[in-house]
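Understanding the architecture of this molecule
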Amino acid sequence: MGKDTRREIEIIKLIAFDIDGVITDGNIYVDQEGHESKRFRLTEIDAINSIRTLGIDVVAITGEDTPIVDYFESKIAWKRFIRGCKDKKSALEHIISELGIKREEIAYIGDGKYDIEAIIYAGYGLCPANAIEEVKDVADIVLEGYGGESCVYELYRWIANGQYY
């Protein structure tokens, strides 16, 4: 595990995920016909579903609103799914208020400038190893895995092994 400024928390009840740069590798691939695609490993989807089996709710807060986002919304039983949102901290505040969860009981994982305030706000702020420097500077934990590669699986293993206690 990378940078770790871990602090004591009682329990994680909810994890909020950015999609691009966390579940995907953050790149846009364009073919000769101009069709866009994104890359990720299926182990990342499996890891999110495995987190749910631990009794932890998962939500997505993404700045995108594209057909690719539809794909991710359909692949996971999200507690909440928010798309086209750049003010992720406000979205997170609304979600936890609606669900009756304390901010100390949530983790947020993101990689870009629109994630910074949500990472700071969350009880636990995490980011992949290839996040922008400004995100790494505010995250409690910088994972060793990259977005779309292994960071979500690493997060699952961290939780499953009880390393946040």
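One can find the structure itself at the top, above this paragraph.
Scope of this entry: the structure provided in the associated data block.

What counts, and where the lines are drawn
- Residues numbered from 1 in each chain as written.
- Predicted model: local features only at pLDDT ≥ 70, side-chain atom pairs only at ≥ 80, totals over all residues.
- Heavy atoms only, no water.
- Core = buried A, V, L, I, M, F, W, Y, C linked by side-chain atoms within 4.5 Å.
- Buried < 20%, exposed > 50% of the residue type's maximum accessible area, 1.4 Å probe, protein only.
- Helix = DSSP H or I, 4+ residues; strand = E, 2+ residues; numbered from the N terminus.
- Contact = heavy atoms within 4.5 Å.
- 1 Å grid on protein atoms, 1.4 Å probe; cavity = no way out; pocket = protein on both sides within 12 Å on 5 of 7 lines; lining within 4 Å.
- Points joined across faces, edges and corners; volume = space filled by probe spheres on them.
- Nonpolar A, V, L, I, M, F, W, Y, C, P; charged D, E, K, R; others polar.
- Pairing = 2+ DSSP bridges.
- Expected span 1.5 Å × (residues − 1).
- Arc of directions from axis to C-beta.

1. Here we look at the nonpolar core
Judged by nonpolar contacts, the single largest core of 30 residues is most densely connected at Ile-15, Phe-17, Ile-23, Trp-78, Leu-126 and Leu-155. Contributions of two or more residues to this core are made by strand 1 (14-17), helix 1 (42-53), strand 4 (57-61), helix 2 (67-75), strand 6 (106-109), strand 7 (124-127) and helix 6 (151-160). If you tally residues by element for this core, the top one is helix 6, at six residues. Sequence-distant contacts of Leu-126, that is, excluding residues within four places in its chain, are made with Ala-107, Tyr-108, Ile-109, Gly-110, Ile-119, Ala-139, Ile-141, Leu-143, Leu-155 and Trp-158. Counting residues in hydrophobic clusters, the runner-up holds 22 residues, among them Ala-16, Ile-96, Ile-116 and Val-142.

2. Topic: the layout of surface pockets
A volume near 230 Å³ is recorded for the largest pocket. In terms of lining residues, the largest pocket is bounded by 16 residues, among which Asp-18, Asp-20, Glu-64, Asp-111 and Tyr-114 are the most central. When its residues are assigned to classes, the lining of the largest pocket shows two nonpolar, five polar and nine charged.

3. Overview of the environment of Glu-117
By the secondary structure assignment, Glu-117 is in helix 4 (residues 116-121). A relative accessible area of 45% means that Glu-117 is categorised as partly exposed. When the C-alpha atoms of Glu-117 and Lys-89 are compared, they prove to be 5.6 Å apart, with 28 residues separating the residues in sequence.

4. Comments concerning the sheet that holds strand 8 (residues 141-142)
Pairing in this open sheet of six strands is parallel, and the strands run 5-4-1-6-7-8 from one edge to the other. Taken across any chain shown, the strands that pair with only one partner, and hence form the sheet edges, are strand 5 (80-82) and strand 8. Pairing of strand 4 with strand 5, which is carried by three bridges, proceeds in the parallel orientation. Residue pairing for strand 5: Ile-61 is matched across the bridge by Ile-82.

5. A word on helix 3 (residues 88-99)
Counting along an α-helix, one turn takes 3.6 residues, and residues three or four places apart therefore face a common direction. Compared with the 16 Å implied by 1.5 Å per residue over twelve residues, the 16 Å span of helix 3 between its first and last C-alpha is a close match. Of the positions making up helix 3, those classed as buried are Lys-88, Ala-91, Leu-92, Ile-95 and Ile-96. Along helix 3, the residues classed as buried sweep out an arc of 125 degrees about the axis, all on the same side. Residues His-94 and Ser-97 are exposed on helix 3 and point more than 90 degrees away from its buried face. On its buried face, helix 3 is in contact with strand 1, strand 4, strand 5, strand 6 and helix 4. In the segment just after helix 3, Gly-100 is the residue with positive phi, at about 70 degrees.

6. Details of empty space enclosed by the protein
One pass over the full model with this rule turns up one cavity of 30 Å³ or more. Quantified by volume, the largest cavity comes out at close to 30 Å³. If you trace the largest cavity, you find it lined by Ile-19, Asp-20, Lys-38, Thr-66, Ile-68, Val-69 and Phe-72. For the lining of the largest cavity, the class distribution of residues is four nonpolar, one polar and two charged.

7. Remarks on the pairing of strand 1
Neither face of strand 1 is left uncovered, since the one carrying Leu-14 and Ala-16 and the one carrying Ile-15 and Phe-17 both have all their residues buried. Across four bridges, the pairing between strand 1 and strand 4 is parallel. Among the inter-strand pairings, Phe-17 is bridged to a residue of strand 4, identified as Ala-60.

So yeah, pure geometry; function would need other evidence.
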